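An overview of the molecular structure
Below are the chains, spelled out letter by letter.
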Amino acid sequence: MIHLEHLNLVVRDIPEALNFYRAAFPHWKVRGGGEGSWHGKPRDWVHFGDDYQYLTFNNDGVGENRDLKGHQVGLAHFAFVTNNLDAVIERLMSAGYPVDKEGAEDDFRKNVYYIDPNGYEVEFVEYLSDIPSERNRYD
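Since the structure is predicted, the reported quantities are computational estimates derived from the model, not experimental observations.

What counts, and at which threshold
- Residues numbered from 1 in each chain as written.
- Predicted model: local features only at pLDDT ≥ 70, side-chain atom pairs only at ≥ 80, totals over all residues.
- Heavy atoms only, no water.
- Buried < 20%, exposed > 50% of the residue type's maximum accessible area, 1.4 Å probe, protein only.
- Helix = DSSP H or I, 4+ residues; strand = E, 2+ residues; numbered from the N terminus.
- Pairing = 2+ DSSP bridges.
- Contact = heavy atoms within 4.5 Å.
- Axes fitted to C-alpha atoms, helices over the stretch in contact; angles between N-to-C directions.

**Here we look at the pairing of strand β4 (residues 54-58)**
With five of five residues buried, β4 lies mostly within the body of the structure. Residues Tyr54, Thr56 and Asn58 of β4 are buried on one face, and the alternating residues Leu55 and Phe57, pointing to the opposite face, are buried as well. Relative to β4, strand β3 (residues 41-49) runs antiparallel, the two sharing five bridges. In the sheet register, Phe48 faces β4, and the bridge partner there is Leu55.

**Some words on the sheet that holds strand β5 (residues 78-81)**
The four strands are arranged β5-β8-β7-β6 in an open sheet whose pairing can be described as mixed. Edge positions in the sheet fall to β5 and β6 (101-102), since each of these pairs with one other strand and no more. Looking at chain direction, strand β7 (residues 109-115) and strand β8 (residues 121-127) are connected through seven bridges and run antiparallel. Each bridged residue has a counterpart across the sheet, and for Tyr114 the counterpart in β8 is Val122. Packing against the sheet, helix α2 (residues 85-94) makes contact with β7 and β8, and its axis sits at approximately 20° to β7.

Have a look at this one:
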């Protein structure tokens, strides 16, 4: 079996990134961190997650993330599955992060998209069925 362990993200400000992701994942914690350098530029980093999955934040980011309405090569978005989308929305709203856009209406899932403080688009999806043919429809 293969599963995704972590995403390594370059950000401008680690505390700002942590504010967003702590609201989304209140059960996650900073697992560790430190200082280093990347191609001659110093940076701090943290691993934020649980014992099995995490996000890495590196604070040597400059400039803006790719234009999500454009066609540049790069990350479009990443998604997390939740069993309570309304609770995620409430936590993020309470932390000052409104939903950026709603997902398509579907009988077997609901989803929303956010833009995190560094311009990454993050999707949260709640599946309303455990039947793969319903969850993974392409019509």
